[in-house]
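Geometric and topological summary
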Amino acid sequence: MSSYREPRPIAVLAVTAAAVLFATTGTARSLGPDGVDAWAVGTWRILIGSVALWALSRTTPRPRAGDRLAAPGLLLGGLGVAAYQPGFFIATDRCGVAVGTLIALGSGPVFAAAIDAAVTRVPPTARWWTATTTMVIGVALLGSGDGATGVALDGVGIAAGLAAGAGYAIYAVSTRRAIAHGVESTRALAWQFSIGALALAPGLALVSSSGLASGAGMVMVAHLGVATVGVAYLLYGIGLRHLEPATAVSLTVIEPVAATTIAAIVLNERPSTLGWVGAAIVIVGFALLTQRGGRGPRARRAPRTPIPTPSA
């Protein structure tokens, strides 16, 4: 297995780059055609994204020994993917791009830490809690301008955002454990996105996706599938080879800062002055989490198994 072969800064850079790509998701959705259901957008995103991930993995969906060992976790991770997609888009539709992204990504690290600690029985360190708490406080302040244009708080949207955060954490942990079983990271993510797409696909019969056949709709889903799933999760998987899931998920909390900046420039969704202070606080927490000597939740190597590394 290739874990910990690359220096940690490379992993941090890969996850950060992935987060910036993730940050374009809500704005791309807002610029797409009106009247397309959030379920349809999320489903088509991961359908196209799973194809992109298989192409980038340069493998085919034919089960291997490591895949079979990791199958229960990959299945659970696929259900996490299925929860995240519509949850994220419902949250951004009902709460606005900035707040919807904040809820989904702000809750993710907490869910990831809880799940990872339950699985490994090793709790996060004080450094991780300090950095992540700082970032979550910043996230809360960043979303404080709920009176701004295009920004609102909605009960269903908040619940959907929390479901998205939990789903995100589940498939991050599942991917990390699949890597420990010898499954290449992009392949592990391809399996989970394929499972998620299959779980959501029946719902397409109940929702409208007619706008996706337009030029704007095709550009939107192509960007969402290829850039924010295929390329972004290729980078995210590189990070998960060398970082614990809770740390990787915490690093992506930088996404709301990027998403809010993009939404402010492109969609005129402007947070309050206090919100921009929150963005600065998120960056401080990010710096604390990634500073030299910080090992995230715990400084240990991933468990090794006798399963040979897949030739991907």
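Once that is clear, we can look at the side chain of T228. For T228, the location among the structural elements is in helix α9 (residues 215-240). Take T228: its relative accessible area is 0%, and that puts it in the buried class. Polar contacts involving the side chain of T228 include one to the main-chain carbonyl oxygen of L224, which spans 2.4 Å. If we skip the residues at most four places from it in the chain, T228 touches L21, F22, T24, T25, R45, H223 and Y233.

Before going further, it helps to spend a moment on unusual backbone geometry. The phi torsion at R58 lies on the positive side, around 55°, for a residue other than glycine. Note on placement: R58 falls in the loop between α3 (38-57) and α4 (65-95). A positive phi angle is found at R121, which is not glycine, with a value near 60°. Considering the arrangement of structural elements, one finds R121 in the loop between α5 (97-120) and α6 (126-142).

We now examine the packing of α6 against helix α12 (residues 273-290). The description of two helices packed together rests on the angle between their axes and the distance between the axes. At a minimum axis separation of 7 Å, α6 and α12 run at an interaxial angle of 165°. Comparing their axes, α12 and α6 come out roughly antiparallel. Considering the relative orientation of α6 and α12, their crossing is left-handed. For the pair α6 and α12, contact is made by R127, W128, T130, A131, T134, M135, G138, V139, L141 and L142 and by L274, G275, G278, A279, I281, V282, G285, F286, L288 and L289, respectively. Residue classes in the contact of α6 with α12 are distributed as 13 nonpolar, six polar and one charged.

Calculation rules
- Residues numbered from 1 in each chain as written.
- Predicted model: local features only at pLDDT ≥ 70, side-chain atom pairs only at ≥ 80, totals over all residues.
- Heavy atoms only, no water.
- Helix = DSSP H or I, 4+ residues; strand = E, 2+ residues; numbered from the N terminus.
- Buried < 20%, exposed > 50% of the residue type's maximum accessible area, 1.4 Å probe, protein only.
- Polar contact = N/O pair within 3.5 Å; in protein donor to acceptor, adjacent residues only side chain to side chain.
- Contact = heavy atoms within 4.5 Å.
- Axes fitted to C-alpha atoms, helices over the stretch in contact; angles between N-to-C directions.
- Parallel < 35°, antiparallel > 145°, perpendicular 65-115°, else oblique.
- Left-handed = near helix turned anticlockwise from the far one by under 90°.
- Nonpolar A, V, L, I, M, F, W, Y, C, P; charged D, E, K, R; others polar.

Fair warning: the whole summary comes from geometry, so function is off the table for now.
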